[in-house]
Amino acid sequence: MTDRITALDLVQAELSEATKAYFDKCRDKLGLVPNVLLAYAFDEKKLRAFTDMYNDLMLGESGLSKLERETIAVVVSSINHCFYCLTAHGAAVRQLSGEPALGEMMVMNFRAADLSDRQRAMLEFAVKLTEEPAKIVEADRAALRQAGFSDRDIWDIASTAAFFNMSNRVAAAVDMRPNPEYHAMAR
């Protein structure tokens, strides 16, 4: 296995002190700088846009738990067969849930997992938005409301699923590779 990050030959930009500090924070908290950040580091403006959106969706205020947002990331990435995101976010599901098997079920087939009706409704919506976005109708939003989600939660579910659909496509296009450390995390 090589230690390349993408199939593209892009040179890392001279990083600002703020970005260097952000990478140091990643090393302190995660033990690594995620390769997705290094992949975007050829253009600090693009890196900042990516991290701002990611941090808002995945770490910001929401009626969705961090684990719920990570399961959306994994289920969307499973449909899209995104090696990078399945590896990185599968590790996050294992870590946040404390259940390695749950992480594997989210990667392979979330319908095999013992999920609440709320979680199942959320993930089915993310699947439909990924596979057939033009077929989302009011009944789909109503099903989420029936499962206990607010309209703000529906926005967050849709935004998280949409972000990972975009990220999966970029990762596929550039053959982005996950950090090897993710494979052993929370097992």
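All of the points below concern the structure found in this document.

Conventions we followed
- Residues numbered from 1 in each chain as written.
- Predicted model: local features only at pLDDT ≥ 70, side-chain atom pairs only at ≥ 80, totals over all residues.
- Heavy atoms only, no water.
- Phe/Tyr/Trp six-rings, centres within 6.5 Å; stacked < 30°, edge-to-face > 60°.
- Helix = DSSP H or I, 4+ residues; strand = E, 2+ residues; numbered from the N terminus.
- Buried < 20%, exposed > 50% of the residue type's maximum accessible area, 1.4 Å probe, protein only.
- Core = buried A, V, L, I, M, F, W, Y, C linked by side-chain atoms within 4.5 Å.
- Contact = heavy atoms within 4.5 Å.

## Overview of the packing of aromatic side chains
1) Next: Taken as a whole, this structure holds five aromatic pairs when the rule is applied.
2) Next: Ring centres 6.2 Å apart and planes at 55° place the aromatic pair Tyr54 and Phe163 in the tilted group. One end of the pair, Tyr54, is in helix α3 (residues 44-59); the other, Phe163, is in helix α9 (residues 151-174), and 109 residues separate them in sequence.
3) Next: Both rings, one in Phe163 and one in Phe164, keep their centres 5.2 Å apart while their planes meet at 85°; by these two values the pair is edge-to-face. For the pair Phe163 and Phe164, a shared accessibility class is recorded, and that class is buried.
4) Next: Taken together, the aromatic side chains of Tyr40, Phe50, Tyr54, Phe163 and Phe164 make up a single cluster linked through ring pairs.

## Quick word on the nonpolar core
1) Next: Leu37, Ile72, Tyr84, Met106, Leu123, Ile157 and Phe164 are the most contacted members of the largest nonpolar core, which has 52 residues in total.
2) Next: Among the elements that line this core, the one with the most residues is α9, at seven residues.
3) Next: Leave out the neighbours within four places in its chain, and Ile72 touches Leu64, Met122, Leu123, Ala126, Ile157, Thr160 and Ala161.

## Quick look at the environment of Thr160
1) Next: Relative to the assigned elements, Thr160 resides in helix α9.
2) Next: Assessed through its relative accessible area of 0%, Thr160 is described here as buried.
3) Next: Leave out the neighbours within four places in its chain, and Thr160 touches Leu57, Met58, Arg69 and Ile72.

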